[in-house]
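Here's the letter readout for the chains.
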Amino acid sequence: MAKSIQSDFSMEEMWQDVTVRFNERTGININVKPPKTLDDCIKELEATRVPVKSDGKKDSEKMENYGLNILRCLKLLGGVAAQGAEMVFGAPSTMCFNALYILLDIPEQLKSFREAIDGLFETLAPSLSVFRIYEKIDQFNDIEPELKQAIHQVMITFVDICALSIQLRDSGKWRKFKSRMKFLVIHDDSGIKAEIEKLERLTNAHHSIQSTQTLKVVLDTRSDLTEYLNKESERSQQIASDVASLKASDDKRNVEDSRRKYVENIKKKLGIEDPALKTFNDMCDKPRRDCVPNTALWLVNRPEFQQWAERDSKEAKNLFILTGAPNTGKSVMISSALHHLRSIYESSIRYATRTLISAHFFSNTTAKDDQDKTPIATALKCIAIQLAEQDGAYAKTLSQACDTKSGNAAFFRDASCQELWDFLRIGLPKGNATHYLILDGIGGLPDESLDIRSQKEQLLKIIRKSVQPSVRVLLSVRQDTLPPNDLPPHFNFDIEQHSEEDIRRYIEHYLGNNDLLQDDEDKTLRTKVVDTLATQVGGKFNKVKAALENIREVIASDGLESELYRVLDESNMNEKQISQTIINQLEERLTGEEIDELNELLIWVICGRIYFDIDTLNAALIVRSKRRGTLRLRKKLEGKYSGILKIRKDGTVMVTEDMEEALTKRREKPRSVDDAPTFTATISVSKGDVRSVQSFLWSLSQKVDSLAHDTFGFQNITEQKGIKNNIQLNQVDAHLSLIRRTFSLLANEPTKESRVLGGYLFNFLPQHLQQLWEKSTGYDELTLSQKQEIGEGLFSLFVSGEAVERHWDSFQSNTWTRLPEEVGFFRLWLNEPDVTSRLGRMDRDWLKKVRESSNPNQALLENIARTVAWHWLCDREWAAVDAFLWVNNIRIVPPKPFREMQNENDLVYTDISVKIRETVEWCKSVHFVTTDDEQALMYERLGETYVAVYQFKEAIESWNRSIELKSPTWQCLAALAEALSMVQKYEEACEKMERALDMLHGEDIPKKDTITSEYYRCLAKWQVKLKQPKRAIEYAKRAIDLLPDEHGPRLELLNIYFDNNFINDAIDFLGDFVKAGHPKNGISLFGRAMLSAPNIKRMLAQWFNSLSGHADIFAGVLEQIDLVIERKRKEKDIAEIALLLLCKGIAIYRYNLEEPTRVQRALSCWEQCVGLGPYSGIEAQALATSWLCGYYFDQINILRKSDSLGVETYLEKMHDLTRQTPPSSNVAARAYLASYYARFAKDIETARGILRARIDTAFEILSDGVDENDGDGYYFLAEVFLCCGDETKALSAFCLPLPLLFHKDLLSWILESDSDLKQSLGNELIAAVEKFSPTASHNEQLRFLFSHIKGILGAMNNDEGPVTRDTATHDQPTDTDGNIGSVPNTDNADAANTTQNRTSDDDSRSKKKTAYEEVLSNLKKWAHVRDCGAGRQCDICSTEWDFDNGLNHCKYCYQMDLCDGCLDKLKADTLKMTSLDFQCNKDHEWLRLPKWDKETYLRAFRGVVLVGEKEVPVAEWLDELRKE
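Within any chain, residue numbers begin from 1 and follow the written order of that chain's sequence. For this predicted model, a pLDDT threshold of at least 70 governs which residues receive local features, and a threshold of 80 or more governs which side-chain atom pairs are given and counted, while totals over whole chains, interfaces and linings are taken from all residues. Hydrogens are left out, water is left out, and the side-chain values use all remaining heavy atoms of the structure.

Let's talk about the side chain of Arg504
Applied cut-off: Numbering goes from the N terminus for both helices and strands, where a helix is a DSSP run of H or I of at least four residues and a strand is a run of E of at least two. Here the term buried applies to any residue with accessible area under 20% of the maximum for its type, exposed to any over 50%, and partly exposed to those in between, with areas from a 1.4 Å probe on protein chains only.
Along the polypeptide, Arg504 turns up in helix α19 (residues 500–513). Overall, Arg504 belongs to the buried group, its relative accessible area being 18%.

Quick look at the pairing of strand β4 (residues 471–477)
To keep it simple, the criterion reads: Note on pairing: DSSP must find at least two bridges between two strands before they are called paired.
Buried residues dominate β4, accounting for seven of its seven residues. Summarising the sheet, strand β1 (residues 319–323) and β4 pair through five bridges and their orientation is parallel. Directly across from Leu319, in β4, lies its bridge partner Val473. The sheet contact formed by strand β3 (residues 433–440) and β4 spans six bridges and is parallel. Residue Leu439 lies in a different strand from β4, and its bridge partner there is Leu475.

Here's the deal with the environment of Asp569
By the secondary structure assignment, Asp569 is in helix α22 (residues 561–570). Judged by relative accessible area, Asp569 falls into the exposed class, the value being 55%. In sequence terms Asp569 and Thr532 are 37 residues apart; their C-alpha atoms lie 8.7 Å from each other.

Notes on the pattern of salt bridges
Two side chains with opposite charge may pair up if their charged atoms get near one another. Under the convention used in this document: Note on definitions: salt bridges are taken to be side-chain nitrogens of Lys or Arg within 4 Å of carboxyl oxygens of Asp or Glu.
Scanning the entire structure with this criterion turns up 55 salt bridges. Asp780 is paired through a salt bridge with Arg666; the nearest N and O atoms lie 3.4 Å apart. Of the two residues, Asp780 sits in the loop between α32 (765–775) and α33 (784–798) while Arg666 sits in the loop between α27 (660–663) and α28 (690–708), which places them 114 residues apart along the sequence. Residue classification places Asp780 among the buried residues on the basis of a relative accessible area of 2%. In this structure, a network of salt bridges that share partners links the residues Arg666, Arg667, Asp733 and Asp780.

Focus: the packing of aromatic side chains
Rules: Pairing of aromatic rings covers Phe, Tyr and Trp, the last counted by its six-membered ring, and requires centre-to-centre distances within 6.5 Å; plane angles under 30 degrees mean stacked, over 60 mean edge-to-face, and any other angle means tilted.
Summed over all chains, the structure comprises 53 aromatic pairs. When the ring of Phe612 is compared with that of Tyr760, the centres are 4.8 Å apart and the planes differ by 85°; the resulting orientation is edge-to-face. Of the two residues, Phe612 is situated in strand β6 (residues 612–613) and Tyr760 in helix α31 (residues 752–763); the sequence distance between them amounts to 148 residues. This pair shows no difference in class: Phe612 is buried, exactly as Tyr760 is.

Some words on the environment of Ala433
Relative to the elements of secondary structure, Ala433 occurs in strand β3. The buried category is assigned to Ala433, whose relative accessible area is 4%.

What about a negative patch on the surface?
Put simply, the test is: Each patch is built from residues lacking any salt bridge and having more than 30% relative accessible area; the joining distance is 9 Å for like charges and 5 Å for nonpolar side chains (Val, Leu, Ile, Met, Phe, Trp, Tyr). Accessible surface area values rest on a Shrake-Rupley calculation with a 1.4 Å probe, where residue burial reflects the displayed protein chains alone. His is not counted here, nor are the chain ends, while Lys and Arg score as positive and Asp and Glu score as negative. Charge positions come from single atoms, namely NZ of Lys, CZ of Arg, CG of Asp or CD of Glu.
A cluster of acidic residues, Asp515, Asp519, Asp520 and Glu521, forms a negative patch on the protein surface. As for its position among the elements, Glu521 is in the loop between α19 and α20 (523–536). Using a relative accessible area of 64% as the deciding quantity, one classes Glu521 as exposed.

Re the state of the cysteines
Rules: Only a pair of cysteine sulfur atoms within 2.5 Å counts as a disulfide in this structure description.
Summed over the entire model, instances satisfying the criterion amount to zero disulfides. The structure places no disulfide on Cys1018, whose sulfur is separated from the nearest cysteine sulfur, that of Cys990, by 9.7 Å. There is no disulfide at Cys1462, and the cysteine sulfur nearest it, in Cys1459, is 3.6 Å away. Under the relative-accessibility criterion, Cys1462 is labelled buried at 5%.

Considerations on unusual backbone geometry
Phi at Lys1027 is positive, roughly 60°, even though this residue is not glycine. With respect to the secondary-structure elements, Lys1027 resides in the loop between α45 (1008–1025) and α46 (1029–1042). The class for Lys1027 is exposed, based on a relative accessible area of 69%. Positive phi values are uncommon outside glycine, yet Asn1061 reaches one of about 65°.

Description of the sheet that holds strand β7 (residues 645–647)
Strand pairing in a sheet is mediated by backbone hydrogen bonds. Such pairs are either parallel or antiparallel. Counted only if it meets this: The contact definition used throughout considers only heavy atoms, calling two residues in contact when any of these lie within 4.5 Å. Only C-alpha atoms enter the line fits that serve as axes; for helices the fit covers just the stretch in contact. Angles between N-to-C directions range over 0 to 180 degrees.
Strand order in this open sheet of three strands is β6-β8-β7, and the pairing throughout is antiparallel. Whereas interior strands pair on both sides, the edge strands pair on one side only; in this sheet they are β6 and β7. Across two bridges, the pairing between β6 and strand β8 (residues 652–655) is antiparallel. When the bridges of β8 are listed, Phe612 appears paired with Val653. Across the face of the sheet, helix α24 (residues 592–607) comes into contact with β6, β7 and β8 while running at roughly 100° to β8.

A short note on the sheet that holds β3
Ordered by their spatial adjacency, five strands build an open sheet running β2-β3-β4-β1-β5, and the pairing between neighbours is parallel. Since the sheet does not close on itself, it has two edges, and those belong to β2 (354–361) and β5 (490–494), each with one partner. Geometrically, the sheet is characterised by an average inter-axis angle of 10° between neighbouring strands, direction not taken into account. Across eight bridges, β2 lies against β3 in parallel orientation. When the sheet's bridge partners are listed, Ser358 is paired in β3 with Leu437. Its contacts with the sheet put helix α14 (residues 375–390) on β2 and β3, and the angle it makes with β2 is roughly 150°.

What to know about the environment of Trp829
Its location among the elements puts Trp829 in helix α36 (residues 820–830). Since its relative accessible area comes to 3%, Trp829 is described here as buried. Between the C-alpha atoms of Trp829 and Leu794, which are 35 residues apart in sequence, the distance is 8.7 Å. In this structure, Trp829 is in contact with Leu769, Leu772, Trp773, Leu782, Ile790, Leu794 and Val835, ignoring residues within four places of it in sequence.

Now the structure itself:
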């Protein structure tokens, strides 16, 4: 009974899991109300029957019978499964009926999918029909739990099949295969086929359990069924062979180490980080995920789109444009199209093509978005990364191209769109590849930014030129984005003309989700709402949303029906009318003070050049009102101000859509300057001394100041009279207000609020001055006093450096000091007479000198530079490098804008060291540094500056000069020591650091222990470099003593012990480490050390290698791993959990050999790792799968040798594991499964099927037209051949990539020839190389020979005689591929004279010239083949496979090579694993990869394969392999 209860509980969990899976896959809750019955499904089956012609009626009836038989079987199984069990979720048969009913409930536009369902019924019917036996059994009161569990599993699998079929149906992917619709489901790679195979296996497994139980029941009830059951029993013995391979998806390239390496390199070089890339990718998928179900489908059903999407279509136009105004759903439609396109080309039947799909959705930004000033360039980089992730050939080519730009890091930052497009080869697919580019949101990029507008125009021009059959572009833009008369042939759809049906669904979905107008009596009103809004909004989803929200508010407030009609009428208004209505309503509701506060917020939100967060805006309100409100600003923004302002997802604030235009007003009449009231007061002083006058004026100023705080109550009077301003913004007044705020902050001491606002106000002061200059025209022209106010503020900023000095924390990140355009805005204002009219004569004279200077920009900033220069070299308060950059920027700022200098020689790059020296000389000219103390400080500050810019030698020189002038500080000595270590002068570094520590011990400073510990860690690291591990250990221990609760010093000491072979000390310390310290953030000291390790697998392998015989420490380490895992579970860090479970399992399995349950514990860890969730590319999960399959394979090998039972159990587990990952991934696990079939079961075809994805990948690589990745393709083939048991072909494939090896005779091998003439020339060339450099590398030899031979050929083309220095140098230098201009020139005169003499015999001369050209061609071929080569090495000690060493390749483990020495150690159980990645064991078999020799090398060079005794060209060999 206990067993039965436990079984029922397990079944409950299984059904709960399938319920969750069903919802995740379909988005539908399987527990529909009311539950569906057998009759419901039969009715739906009949209702969805596809009409057929008379000749197809028989087949239609056959398919319907299949469906009816399946339904009856499900009912029978449900009755058996429900016996004796009460399930919370309901009857199992009900769940199956619900799933099937949802599958049959086909939307009208998907009716043709019914044919695919018929194919599914035809496939399932034979498997399920065997359960009809239960129709004839009368009693199941004592059914065995095993039988019941088998039945449950069959029914659960049926529900999974339905879910996957629904997912396929709704994806639209099936539309592509109209001619084979019937068999789409069972041949698709969506996972349905795997589930069908699982159902067949469960059915077969069920029979072995059923036979005994059913026989007992039958014998007790009806003997006439005995014959039938015998027949069923015989059937159960026929176990079909598993077909373990699913068709590989070619368009979704496998995630392999080599390609991942290329992609990572590309990301690094392009400057695109993973979080940013993920954000961009999410932006592409999010619109579709968030849209209302069954919307955004009309585009993919259009014939025009289907033509464009069909890569082989001859009628397709290569450019597809979707136009529409903002908020019309373009992004949703494009996202849906992208999903549809991916679903087509991820299909398994497309494996023969390379269709790469990339997309980029631009965020809806304005010029104030400072996140990316080059969005087009970023888009091109992201597109290139997406292409590389899908195609290994493209990835390798681009990665290598990126490496060529390593010396020009600015290229990827500064390249134009055209340069990037060309470099990334987005518009030039290689071989048979097709690139689909999908771009959305180009129209949303800010036109107010000149740079971005220029980039956008460049991109559109590139697209117009680049579209072709192999480069297809889908573009969503606003109507006015593209020039109508300058486009290639294209499809063009206006979304607003096709979106009414989607808007109807959106409205119905909104009303339903919010339970609005859902009662029967509301039907008429609901229909009116849907019809009115759908026809009136003109395709604008934002207008629909606004109207629906107003309707919801009316209903929530129990408003009248007339109010709802008013909302419908208002929905017909344009955006401007709607916005003005919202503004008018707010003006009625808000108080005068609230309106003033809202207007202040509008100044910052609309006229600010960036988006501000709530804290910044709150600081702005405090600066304005001098007080802090009681109601939090966030609540106001979410409440009373929400009609105008909204909080963005990143926490910043922006104006709601379409509101800015309505809020922004220009003056319609002149400023009321003459009508303004004037007050005049005269103060006379008689008989007053200075003190009394000062006292009076001070008192008066306090009274005046009180007016600003409204002590007279004017504000209250205003409020009482109901005087309120309008909610509006005048841009001239707004920019003037921000400028006034800047000058006010500069004139006062820093406050909390000024620190929040200062950075922005100081950085963007030039832009606000520019806007004010451009916009203050007409009625908005500034008054004289306003201009004078600006002049005084600017003068006070530049006349001295006091303001910068006072607010340095806000100023230090300033950028306008180096931008002549922005400094020019300051001078533009100060050159205006009205602006400076209130300044004194001396002040105007100073400005005149600035204007007349040869570089007025520098002259304007000079006083600020003087102040900052003093803080750079004569004071320690500011960071030295920040101050230097300020002074340097001012010193080099040019006199005119950069755009006027692009064609001149004014832009000169100067080395940073030179810049520092030149800047120092200028500083010394304005600040006299004379005393030794002053000079010592100056050199100390210079040392800090040099280190910050990585000029360590100069830093060392500066600190040494400082020390010579004055007794050094401990900071100076420590900094000098670190600089010395950076140039590998470790002894000197240690000596200086020891002195620094001696001085530091006598100091009383904050964080002294932390600083001292860090210095001891430096000493320990440097002593290791000096091969003094004992001294290093001493220093590391001192560092630990100072910071006993920090993990870093302990981990470093442990590494010192292990790396220097102090094994016993390492073990003792490791034992203490495991127990040390207190948890921090829930993780122990030891746990934090593990997580901080750069390579945890290597580190753990090093530890566990040494812990044999130390079970207590071993257990302690595992316990710590468990604690970290639990912590990571709370954080839901799946990747980290997977890695730790993997490592724990390997540790137990590999190193805990004496523990009796080690295997079970290790398997449990790996199973937990795999079970963390569906495979999503987490490497640790794939590795855990490989370890499990490796173990099961080894067990099969053992059982096979002893003829024991149990092989099928392990085999089934391997099949289940490999099905959990895509066919093209986790090849290591599949290699074990394929090896079983090929080597033990002798089933080569099944083995090949398991590795079909890898075979397809290999052939694709070898046929993609890119030679550089052929080495990968050959190695892939070699692995497949070996797993399939063909060792001869495997060895041939391994030997095809030319190794990058050095051998003294290689050049002579390559130059060998049957022709006496070419052999003679080859000998002469070898002699020339020996003379050039006997020890030259092959690359150097090739460079010399290319230049040398070209010089000879140039001389032979010259009729004047023998080669001379002049004739030999006509050719430019070449690289290893013979390309001109890549390397320095080589003097060819002597060599040419020794190998070539002019002759009168023209025939002989022609032959020699031809021979040289053939030799040159052969050398170029060698250079190219070498560049496209590959290599292998021992996975333990990195010994190369070369002319001196062979390797041993495991016949079972994927990509596992060992040298002879490591293999001997493995067989003797003495091999120390250098990483936990090593999976092989001594019982495996090995393929010998012999040393390279001349014959093998030349065969690879010539591109031939030895087949028997005959050499066959590689191309022919590959063709034969394809036919197999």
